[in-house]
Amino acid sequence: MLNKLDPMGFPLSYHVGIFAFSGLTAYAGFFELCKPKKGEKVFVSAASGSVGNLVGQNAKLSGCYVVGCAGSKQKVHLLLSYFPDGIDIYFDNVGAEMLEAAVANMNTFGRVAVCGVISEYTDAAKRAAPNMLEVVYKRITIRGFLAADHMNLFADFSSATADHLRNGRIHVLEDISQCVESIPAAFMGLFRVDNV
């Protein structure tokens with residue numbers, strides 16, 4: 001898995017973000033697990049995060065209707081407001097109440113890709129408990145995954161991402177902290193919704 005880095009004409013910071021596990025997670029989870037179809041309705045939690053923003057951009061490029069939520073004051077009622085006809089794909093970075101609300105509003109044969117449960121990292125009492133009758137009757141697929149499971153896609157992912165970047169179809173969001181001393185504050189910012 002160790003290779004000499006080819007910057008491909010992009011800033012080095014891109015290779016620890018969009019071209020690294022964040023990008024591969026978004027790409028593999030969305031395209032391999034969710035298998036989007038044009039016109040489907042996609043909900044992305046933590047949509048301003050390193051993975052969520054890329055899922056949203058890829059979903060829009062695929063011709064999907066996309067709604068993302070972000071921030072510490074997420075309101076699950078937004079699902080009913082923005083998805084009156086239900087959700088086809090939910091890309092879950094949060095878990096807990098957001099997963100429960102998404103499952104309750106999913107269409108038949110909906111797909112859920114779970115790559116993170118940030119709400120549970122900071123509060124062990126928050127455990128997702130989706131209505132399993134909904135899962136059964138609607139034949140919803142819920143699948144957890146790790147980017148490392150999809151290293152076989154890395155070349156395709158890198159090529160497609162580079163092409164989208166060069167043609168302005170995907171934009172990079174970075175939150176860069178300087179110096180080793182900033183590492184603890186930057187890491188804690190993930191759990192306080194301080195970063196983008």
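Residues numbered from 1 in each chain as written. Predicted model: local features only at pLDDT ≥ 70, side-chain atom pairs only at ≥ 80, totals over all residues. Heavy atoms only, no water.

- An unreviewed UniProt entry lists the protein under the name Alcohol dehydrogenase-like C-terminal domain-containing protein, from Rhododendron griersonianum.

Notes on the packing of helix H1 (residues 21-34) against helix H2 (residues 52-61)
- Closest axis-to-axis distance for the H1/H2 pair is 9 Å, and the angle between their directions is 45 degrees. It follows from the interaxial angle that H1 and H2 lie oblique. When you trace H1 past H2, the crossing you get is right-handed. Where H1 approaches H2, its residues Ser22, Gly23, Ala26, Phe30 and Phe31 are matched on the opposing element by Leu54, Val55, Asn58 and Ala59.
- Counted by class, the contact of H1 with H2 contains six nonpolar, three polar and no charged residues. (Axes fitted to C-alpha atoms, helices over the stretch in contact; angles between N-to-C directions. Helix = DSSP H or I, 4+ residues; strand = E, 2+ residues; numbered from the N terminus. Parallel < 35°, antiparallel > 145°, perpendicular 65-115°, else oblique. Left-handed = near helix turned anticlockwise from the far one by under 90°. Contact = heavy atoms within 4.5 Å. Nonpolar A, V, L, I, M, F, W, Y, C, P; charged D, E, K, R; others polar.)

Considerations on the packing of H1 against helix H7 (residues 154-166)
- Put simply, H1 and H7 touch, their axes get as near as 10 Å, and they point 100 degrees apart. It follows that H1 is roughly perpendicular to H7 by the angle criterion. Residues Gly23, Leu24 and Tyr27 of H1 lie in contact with H7, whose contacting residues are Phe154, Asp156, Phe157 and Ala160.

Notes on the state of the cysteines
- For the structure on display, the rule yields zero disulfides.
- For Cys69, which is in no disulfide, the shortest distance to another cysteine sulfur is to Cys115 and amounts to 13 Å. (Disulfide = S-S within 2.5 Å.)

Topic: the pattern of salt bridges
- Scanning all chains against the criterion turns up five salt bridges.
- The residue Glu97 makes a salt bridge to Lys126 at a minimum N-O spacing of 3.7 Å. Remark: Lys126 occurs in the loop between helix H5 (118-122) and helix H6 (132-137) and Glu97 occurs in helix H4 (residues 96-104); sequence separation between them is 29 residues.
- Lys138 serves as the salt-bridge partner of Glu134, at 2.8 Å between the closest nitrogen and oxygen.
- Looking at Glu134, the relative accessible area reads 23%, which means it is partly exposed.
- Lys138 gets classed as buried once you look at its relative accessible area, which sits at 17%. (Salt bridge = Lys/Arg side-chain N within 4 Å of Asp/Glu carboxyl O. Buried < 20%, exposed > 50% of the residue type's maximum accessible area, 1.4 Å probe, protein only.)

Some points on the sheet that holds strand S5 (residues 141-144)
- As summarised here, the arrangement of the five strands in space is S2-S1-S3-S4-S5, forming an open sheet in which the pairing is parallel. Either end of the sheet is taken by a strand with one partner, and the two such strands are strand S2 (65-68) and S5. Between one strand axis and the next, the sheet turns through 15 degrees on average, direction left out of account.
- Docked against the sheet, H1 engages strand S1 (41-44), strand S3 (87-92), strand S4 (106-114) and S5, running at close to 150 degrees with respect to S3.
- Along the sheet, H2 makes contact with S1, S2 and S3, crossing S1 at roughly 170 degrees. (Pairing = 2+ DSSP bridges.)

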